[in-house]
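Here is how the chains run, residue by residue.
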Amino acid sequence: MQIKLVFEKKYVIKNRYCYYSWDISKIPHLALAGSTGLGKTYLETLIIGRICKQMSDSEVTICDFKGDEAFLPLKNTSNKTKRIYFFEDCEEGFINFHNSFLERQKRTDLSRNIKLLVFDEWSGFLHFLEKKKAEEYKKKMFNLLMLGRSLNIHILLSFQRLDSEFFTSGSRDQLGLTIILGNPSKEVKKMLFNNCEEHLFENKSRGEGYLIINGMEIRDIIVPEYSNHDKVLEYINKGITNGILM
């Protein structure tokens, strides 16, 4: 399934709006990075909505550690009827998702629909935990990233700062797509753009950035706009309730 992500800038400047699409079956995981105010949550919401629309049986779990306003309209008084978690409840959401991964791995769950974990501010969540538990959860995330693809389990991670300290060794390499909005720091350039020395960096406005594919290919991108936010939330709400007995 091809999920439209972002416009490729080289076509936009020629008034041609060509999408880069995400083939989840080939590249199972996605990272979004960028400072506050650059459109990261806006794009994240759009991506989740498109997944839920195009794959109507998808089961989505959202762990929003920072409690962004974008997802608050989806909040329920009880997490028993929706797979959406805020603040410290993200720990429960992550464990529940990891358990669903184990059920598929052990073949106690034979379903094959997509299960998507969206974790907004994974880095902040790890800093919130005690060190021992943070290391335990990084190992669990490694299992999801390394083994999830064959089970149709996928991850979308969102950060303000993309850093190796938030992963165990080898985990970050499993994030086949990385979108960085705004201007990457010197550290990020060294970490993610070392194979693209020829790329000329320029100042990026809100909604502009870079797409890195499998750590090798880099593209200039622009985030598409959408007008009906309520409709996007409607699709997401279906995704976070699919499979739950009301």
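This one's a predicted model, so the numbers in the text were calculated from it and none came from an experiment.

The rules behind the values
- Residues numbered from 1 in each chain as written.
- Predicted model: local features only at pLDDT ≥ 70, side-chain atom pairs only at ≥ 80, totals over all residues.
- Heavy atoms only, no water.
- Axes fitted to C-alpha atoms, helices over the stretch in contact; angles between N-to-C directions.
- Helix = DSSP H or I, 4+ residues; strand = E, 2+ residues; numbered from the N terminus.
- Parallel < 35°, antiparallel > 145°, perpendicular 65-115°, else oblique.
- Left-handed = near helix turned anticlockwise from the far one by under 90°.
- Contact = heavy atoms within 4.5 Å.
- Nonpolar A, V, L, I, M, F, W, Y, C, P; charged D, E, K, R; others polar.
- Buried < 20%, exposed > 50% of the residue type's maximum accessible area, 1.4 Å probe, protein only.
- Lys, Arg positive; Asp, Glu negative; His and termini not counted.
- Salt bridge = Lys/Arg side-chain N within 4 Å of Asp/Glu carboxyl O.
- Polar contact = N/O pair within 3.5 Å; in protein donor to acceptor, adjacent residues only side chain to side chain.
- Pairing = 2+ DSSP bridges.
- Expected span 1.5 Å × (residues − 1).
- Arc of directions from axis to C-beta.

Thoughts on the packing of helix 3 (residues 90-105) against helix 5 (residues 131-147)
At a closest axis distance of 11 Å, the pairing of helix 3 and helix 5 adopts a crossing angle of 40°. When the axis of helix 3 is compared with that of helix 5, the two are oblique. With respect to the hand of their crossing, helix 3 and helix 5 are arranged in left-handed fashion. Within the contact between the two elements, helix 3 uses Glu91, Phe94, Ile95, Phe97, His98, Phe101 and Gln105 and helix 5 uses Lys133, Tyr137, Lys140, Met141, Asn143, Leu144 and Leu147. Across the contact of helix 3 with helix 5, the residue classes break down as eight nonpolar, three polar and three charged.

With respect to the side chain of Arg83
One can find Arg83 in the loop between strand 4 (59-64) and strand 5 (84-86). Nearest to the buried, unbridged Arg83 among oppositely charged side chains is Glu59, at 4.3 Å. At 2.7 Å, the side chain of Arg83 and the backbone oxygen of Gly239 are in polar contact. Apart from residues no more than four positions distant in its own chain, Arg83 is found in contact with Glu59, Val60, Thr61, Ile62, Gly239, Ile240, Thr241, Asn242 and Ile244.

Here's the deal with the environment of Glu225
Relative to the helices and strands, Glu225 is located in the loop between strand 10 (217-222) and helix 7 (229-239). Along the chain, Glu225 and Gly34 lie 191 residues apart, while their C-alpha atoms are 17 Å from each other.

A few points about the sheet that holds strand 10
Reading across the sheet, the 10 strands line up as 2-1-10-9-8-3-7-6-4-5 and stay open at both edges, with mixed pairing between neighbours. The sheet terminates laterally at strand 2 (19-23) and strand 5, the two strands that pair on one side only. Within the sheet, the average angular offset between the axes of one strand and its neighbour, ignoring direction, is 25°. Note: strand 1 (residues 2-8) against strand 2, five bridges, orientation antiparallel.

What about helix 3?
Relative to the 22 Å expected for 16 residues at 1.5 Å per residue, helix 3 spans 22 Å between its end C-alpha atoms, a close match to the ideal helical length. Those residues of helix 3 that sit buried are Cys90, Gly93, Phe94, Phe97, His98, Ser100, Phe101 and Arg104. Here the buried residues of helix 3 occupy an arc of 150° about the axis, which is enough to place them on one side. Summarising the contacts, the buried residues of helix 3 are in contact with strand 4, strand 5, strand 6 (115-120), helix 4 (122-128), helix 5 and strand 7 (153-159). Following helix 3 by one or two positions, Arg107 adopts a phi angle in the positive range, close to 65°.

Notes on the pairing of strand 10
In this sheet, strand 10 lies alongside strand 1 in antiparallel orientation, the contact comprising two bridges. When the bridges of strand 10 are listed, Glu8 appears paired with Ile221. Examined bridge by bridge, strand 9 (residues 208-213) and strand 10 share six bridges and lie antiparallel to one another. Residue pairing across strands places Leu211 opposite Arg219, the latter belonging to strand 10. Linking two consecutive strands that pair antiparallel, namely strand 9 and strand 10, is a turn of three residues; a positive phi of about 55° is found at Asn214 within it.

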